[in-house]
Amino acid sequence: MKVMENQVHSHAKVFSEDKILNDSREYFSSETEKTAEIGEKFVHYFLENASSEGVLFKTIKEITADINISHQTLTKVLKTLESKEVIYRRNGIIGLW
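Residues numbered from 1 in each chain as written. Predicted model: local features only at pLDDT ≥ 70, side-chain atom pairs only at ≥ 80, totals over all residues. Heavy atoms only, no water.

K.L.:
Before we go on, may I ask you to explain empty space enclosed by the protein in this structure?
P.N.:
Empty space among the atoms becomes apparent when a probe as large as a water molecule is rolled across them. Per the stated rule, a full pass over the model turns up 1 cavity of 30 Å³ or more. Estimated volume of the largest cavity: approximately 40 Å³. Lining the largest cavity, in full, are Ile20, Phe42, Val43, Phe46, Leu81, Val86, Ile87 and Leu96. Ranked by residue count, the leading element in the lining of the largest cavity is helix H3 (residues 33-49), at 3 residues. Within the lining of the largest cavity, the residues separate by chemical class into 8 nonpolar, no polar and no charged. (1 Å grid on protein atoms, 1.4 Å probe; cavity = no way out; pocket = protein on both sides within 12 Å on 5 of 7 lines; lining within 4 Å. Points joined across faces, edges and corners; volume = space filled by probe spheres on them. Helix = DSSP H or I, 4+ residues; strand = E, 2+ residues; numbered from the N terminus. Nonpolar A, V, L, I, M, F, W, Y, C, P; charged D, E, K, R; others polar.)

K.L.:
Looking at this structure, how should I read the packing of H3 against helix H5 (residues 71-83)?
P.N.:
Helix-helix packing is characterised by the crossing angle of the two axes and by the distance between the axes. Across the interface, H3 lies against H5 with an axial gap of 10 Å and an inter-helix angle of 75 degrees. When the interaxial angle is binned, H3 and H5 end up roughly perpendicular. On H5, the residues touching Thr35, Ile38, Gly39, Phe42 and Val43 of H3 are Thr73, Leu74, Lys76, Val77, Leu78 and Leu81. Residues belonging to the contact of H3 with H5 are distributed by class as follows: 7 nonpolar, 3 polar and 1 charged. (Axes fitted to C-alpha atoms, helices over the stretch in contact; angles between N-to-C directions. Parallel < 35°, antiparallel > 145°, perpendicular 65-115°, else oblique. Contact = heavy atoms within 4.5 Å.)

K.L.:
Quick question: what am I supposed to make of the sheet that holds strand S1 (residues 55-56) here?
P.N.:
Strand pairs in the sheet, formed through backbone hydrogen bonds, run parallel or antiparallel to each other. One open sheet accounts for 3 strands, arranged S1-S3-S2; its pairing is antiparallel. Looking at the sheet topology across the chains shown, the edges are occupied by S1 and strand S2 (87-90). Of the pairings in the sheet, the one linking S1 to strand S3 (residues 93-96) comprises 2 bridges and is antiparallel in character. Note that in S3 the partner of Val55 across the bridge is Gly95. (Pairing = 2+ DSSP bridges.)

K.L.:
Can you walk me through the layout of surface pockets in this structure?
P.N.:
In this structure, the largest pocket occupies an estimated 190 Å³ of space. Broken down by element, the lining of the largest pocket gets its largest block of residues, 4 residues, from helix H2 (residues 17-28). Within the lining of the largest pocket, the residues separate by chemical class into 6 nonpolar, 1 polar and 4 charged.

K.L.:
Is there a simple way to explain the pattern of salt bridges in this structure?
P.N.:
When their charged atoms lie close together, side chains carrying opposite charge are able to pair. This structure, assessed with the given rule, holds 5 salt bridges. Across the pair Glu31 and Lys76 runs a salt bridge, and its minimum N-O distance is 3.7 Å. In this pair, Glu31 sits in the loop between H2 and H3 while Lys76 sits in helix H5, placing the two residues 45 residues apart along the sequence. With relative accessibility at 27%, the residue Glu31 sits in the partly exposed group. Taking relative accessible area as the criterion, Lys76 reaches 39% and is therefore assigned partly exposed. (Salt bridge = Lys/Arg side-chain N within 4 Å of Asp/Glu carboxyl O. Buried < 20%, exposed > 50% of the residue type's maximum accessible area, 1.4 Å probe, protein only.)

If you want it as structure tokens, here you go:
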């Protein structure tokens with residue numbers, strides 16, 4: 001039974017999805033409606049595809065293709081989230097602070 005508990009626990013996310021969504025909505029509220037919409041779309045994508053530790057192992061090219069947005073717009077969204085210390089970008093990964 002203890003082994004099963006450890007396996008279940010290891011798949012649990014170590015971050016609050018609601019907090020990340022609410023924080024990102026607040027950060028994008030001062031942006032254009034289009035940027036805010038794409039920001040939320042990216043955050044949903046991140047939450048669905050990140051590891052349980054909050055790390056996304058996808059390239060910018062893969063992300064833009066997966067959610068059908070331009071590289072320029074995604075870069076703007078990532079810079080906003082990075083400046084607010086929601087995410088960090090290092091060596092081809094995107095992670096939560």
